[in-house]
Amino acid sequence: MDTPQASPPNNAVILFNGIDVSNWAKRDGSPAEWMVEDGILHVVPRTGDIVSVARFADCYLHLEFRCPNLPEATGQAKGNSGVYLQGRYEIQVLDSYGWEVPGLGDCGAIYNQHAPLVNACKPAMQWQTYDVAFRAPRVADGKVVEPVRLTLFHNGLVIHNNVQLPGVTGGAMDENVSEPGPLLLQDHGDLVCYRNIWAVPLPLTGSDTYGPR
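Overview of the structure. (Residues numbered from 1 in each chain as written. Predicted model: local features only at pLDDT ≥ 70, side-chain atom pairs only at ≥ 80, totals over all residues. Heavy atoms only, no water.)

**So, the environment of D28**
Okay, so step 1: Within the secondary structure, D28 is located in the loop between β2 (24–26) and β3 (35–37).
Okay, so step 2: D28 sits in the exposed class, given a relative accessible area of 62%.
Okay, so step 3: Separated by 169 residues in sequence, D28 and I197 have C-alpha atoms that sit 22 Å apart. (Helix = DSSP H or I, 4+ residues; strand = E, 2+ residues; numbered from the N terminus. Buried < 20%, exposed > 50% of the residue type's maximum accessible area, 1.4 Å probe, protein only.)

Next up, the structure:
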């Protein structure tokens, strides 16, 4: 049975409309070439990563993904993609179902920075969810004074609890960390699918600042 899709709240920005890729482009700004069928966004291998037109600072992100069944593949070749917050901080997408000790490149990892607390991965061809509370870095006088923080739920389980990120991850669009950025979905050559992608911008509170001053 398919997992029911989470309904976005009224104040959510709908990033994928279930119809086309009009809210997306390639890294260079040219039209996105991924395919949409039956409300599902399909990676078209070797057409390039896609980025959302919308840009975000602090936000709550929800998306759902499905990895292909590649029983003969191993390691990073097993249903690989990635979700880049602000185009800079990658949450790994991978079929790592059943792997005993989560690693820095497994599903749900902040790539090469933080391994998941637990392996919450479902089997290939099942829909999975990421829910992320993202707090952008605070920058003053051109320097990061508070690093990125995020909490990540994978299929409803906490796999990162208010972790700090030391900086951008590999493959980032840029290092302009004082600026809002898009959601980037990675084309790693595998037939990964996405659906139900939305974000709720979170207002800055108290004395919080974002960007250069």
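**What about the nonpolar core?**
Okay, so step 1: The biggest cluster of nonpolar side chains holds 43 residues, and the ones touching the most others in it are W24, L61, L63, V83, L185, Y194 and I197.
Okay, so step 2: Contributions of two or more residues to this core are made by β6 (59–66), β7 (81–85), β8 (89–93), β9 (128–135), β12 (149–154), β13 (157–164) and β15 (193–201).
Okay, so step 3: For this core, the element with the highest residue contribution is β6, accounting for four residues.
Okay, so step 4: The residues contacting L61, other than those within four sequence positions of it, are L15, V83, L85, Y130, D131, V132, L183, I197, W198 and A199. (Core = buried A, V, L, I, M, F, W, Y, C linked by side-chain atoms within 4.5 Å. Contact = heavy atoms within 4.5 Å.)

**Considering the sheet that holds β8**
Okay, so step 1: Ordered in space as β2-β5-β14-β7-β8, the five strands form an open sheet in which the pairing is antiparallel. The strands lining the two open edges of the sheet, one partner per strand, are β2 and β8.
Okay, so step 2: Judged from the three bridges that link them, β2 and strand β5 (residues 50–52) form a sheet pairing that is antiparallel. By the bridge assignment, A25 is partnered in β5 with V51. (Pairing = 2+ DSSP bridges.)

**Overview of the state of the cysteines**
Okay, so step 1: All chains considered together, the criterion is met by zero disulfides.
Okay, so step 2: No disulfide involves C107; its sulfur sits 3.9 Å from the nearest other cysteine sulfur, which is in C121.
Okay, so step 3: C67 supplies the cysteine sulfur nearest to C193, a cysteine that is in no disulfide, at a spacing of 9.3 Å.
Okay, so step 4: Given the relative accessible area of 5%, C193 is considered buried. (Disulfide = S-S within 2.5 Å.)

**Things to note about the packing of aromatic side chains**
Any two aromatic rings considered together are summarised by their centre-to-centre distance and by the angle between their planes.
Okay, so step 1: Across all of its chains, the model carries four aromatic pairs by this definition.
Okay, so step 2: On the basis of an interplanar angle of 20 degrees and a centroid distance of 6.4 Å, the ring pair of W34 and Y194 is categorised as stacked. With W34 in the loop between β2 and β3 and Y194 in strand β15, this residue pair connects regions lying 160 residues apart in the sequence.
Okay, so step 3: Note that R195 overlies the ring of W127, its terminal NZ or CZ placed 4.2 Å from the centroid. (Phe/Tyr/Trp six-rings, centres within 6.5 Å; stacked < 30°, edge-to-face > 60°. Lys NZ or Arg CZ within 6 Å of the ring centre and 35° of its normal.)

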